[in-house]
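Report on the structure
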Amino acid sequence: MEKQAEKSAKREFLRDKKRIVIKIGSSSLQRPETGNLDYTKMDVLVRELCNLRNQGKDVVLVTSGAIALGKKVVNISDLSHYEEDQATAVKQACAAIGQARLMMTYQKIFAEYNQVAAQILMTRNTVVDTLNRYNAKNTFRELLNLGVIPIVNENDTVATHEIQIGDNDTLSAVVAAMIDADLLILLSDIDGLYSDDPRSNPDATFIEEVEHLTDDILSMGKQTTGSTSGTGGMNTKLTAAQIATKSGIDMLIANSKDVKVIHRLLSARNIGTLFKADKDPVFDLPLFIEKIHK
Ligand code: GLU
């Protein structure tokens, strides 16, 4: 059996987190053998989230998987033989198919735990446009007031390049900032931040805590994802870290291979990388989003 990480006095403050956004990537939700949904993992994920709700915490789930699942459903594995425009349309169609399936599966599992869940689909316009942002914030606020768990994804069916946020690492940080969360957890196929890509550099060292996002740290953001279905690498996780920490939110990256990591993180175990909140009073979220992923 794998050894449990020790508790850390420095992580005790995580127990008191009240409003938590949790992001899970496509590759974490799929069975590696077939690309089909991993129901056991989804069940454990939902149970963890419901337990947080039962402790009175506000919980938001940002989930990927729509495109990957949709492709699976209609048996499309490779888009490389399509012209660019058609490839986009096929992806959008797959997102429409997959998002509905994904939600159906989540709804079923949440219902087993008597938990109401809701869907919010966003694009870059939801953040950049003042009225859209205002409306989205109100919806989140009311859902959380009602004790609902909002399930968020990018609206991939309509989001073309120009209005895309592009990846769910960034999206989850945007959501965390918009709802004044106090913690963002990115569940990924990697343990956390390394000084270099551990898959290609055996000397790469693991970083447990980042106090300030220095240029040195930001330069560690390479496209280090090992998966083929999601879009996020360490680069997008560091973009998420900038948004979260500048908005005054702590952020954790942890490995999703065992989703029970969520309650372990919140009971002060020394797992993953912790990026400490580092509020920047002049940070402007809509402007930041407008500037990235152009
Ligand atoms: N929104 C995409 C989907 O649900 C995934 C984006 C990402 O993996 O970051 O398929």
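Residues numbered from 1 in each chain as written. Predicted model: local features only at pLDDT ≥ 70, side-chain atom pairs only at ≥ 80, totals over all residues. Heavy atoms only, no water.

1. Re the pairing of strand 2 (residues 58–63)
Burial runs high along strand 2: six of the six residues are buried. By the bridge criterion, six bridges tie strand 1 (residues 19–24) to strand 2 in an arrangement that is parallel. Along strand 2, the bridge assignment pairs R19 with D58. Here strand 2 pairs with strand 4 (residues 149–154) via two bridges, running parallel. (Buried < 20%, exposed > 50% of the residue type's maximum accessible area, 1.4 Å probe, protein only. Helix = DSSP H or I, 4+ residues; strand = E, 2+ residues; numbered from the N terminus. Pairing = 2+ DSSP bridges.)

2. Concerning the packing of helix 7 (residues 168–178) against helix 9 (residues 234–246)
Between helix 7 and helix 9, the shortest axis-to-axis distance is 8 Å and the interhelical angle comes to 10°. Judged by the inter-axis angle, helix 7 sits roughly parallel to helix 9. Facing D169, T170, A173, V174 and A177 of helix 7, the residues of helix 9 in contact are T236, K237, T239, A240, I243 and A244. A per-class count over the contact of helix 7 with helix 9 returns six nonpolar, three polar and two charged. (Axes fitted to C-alpha atoms, helices over the stretch in contact; angles between N-to-C directions. Parallel < 35°, antiparallel > 145°, perpendicular 65-115°, else oblique. Contact = heavy atoms within 4.5 Å. Nonpolar A, V, L, I, M, F, W, Y, C, P; charged D, E, K, R; others polar.)

3. A short note on the side chain of K23
Within the element layout of this structure, K23 appears in strand 1. What K23 contacts, discounting residues up to four positions off in sequence, is V62, S64, N168, D169, S172, I185, L186 and L187.

4. Considering helix 2 (residues 39–54)
An ideal rise of 1.5 Å per residue puts 22 Å on 16 residues; helix 2 measures up with 22 Å between its terminal C-alpha atoms. Of the residues making up helix 2, those classed as buried are K41, M42, D43, V44, L45, V46, E48, L49, C50, L52 and R53. Between the side-chain oxygen at the start of helix 2 and the backbone nitrogen of T40 there is a gap of 3.3 Å, and the oxygen is on D38. Note on helix 2: the residue one or two positions beyond its end, G56, has a positive phi of about 85°. (Expected span 1.5 Å × (residues − 1). Polar contact = N/O pair within 3.5 Å; in protein donor to acceptor, adjacent residues only side chain to side chain.)

5. A look at the packing of helix 2 against helix 4 (residues 84–112)
Two measures define how a pair of helices packs: the angle their axes make with one another and the distance between the axes. At a closest axis distance of 10 Å, the pairing of helix 2 and helix 4 adopts a crossing angle of 55°. Classified by the interaxial angle, the pair formed by helix 2 and helix 4 is oblique. Considering only the axes of helix 2 and helix 4, their crossing is right-handed. Here Y39, M42, D43, L45, V46, L49 and C50 of helix 2 come into contact with helix 4, specifically with L102, T105, Y106, I109 and F110. Here the contact of helix 2 with helix 4 is composed, by residue class, of ten nonpolar, one polar and one charged. (Left-handed = near helix turned anticlockwise from the far one by under 90°.)

6. Describing unusual backbone geometry
If you check the backbone angles, N114 has positive phi at about 55° while not being a glycine. Position of N114 relative to the elements: it lies in the loop between helix 4 and strand 3 (117–122). One non-glycine residue with positive phi stands out, namely D180, at about 55°. Relative to the elements of secondary structure, D180 occurs in the loop between helix 7 and strand 5 (183–188). By relative accessible area, which is 64% here, D180 ends up exposed.

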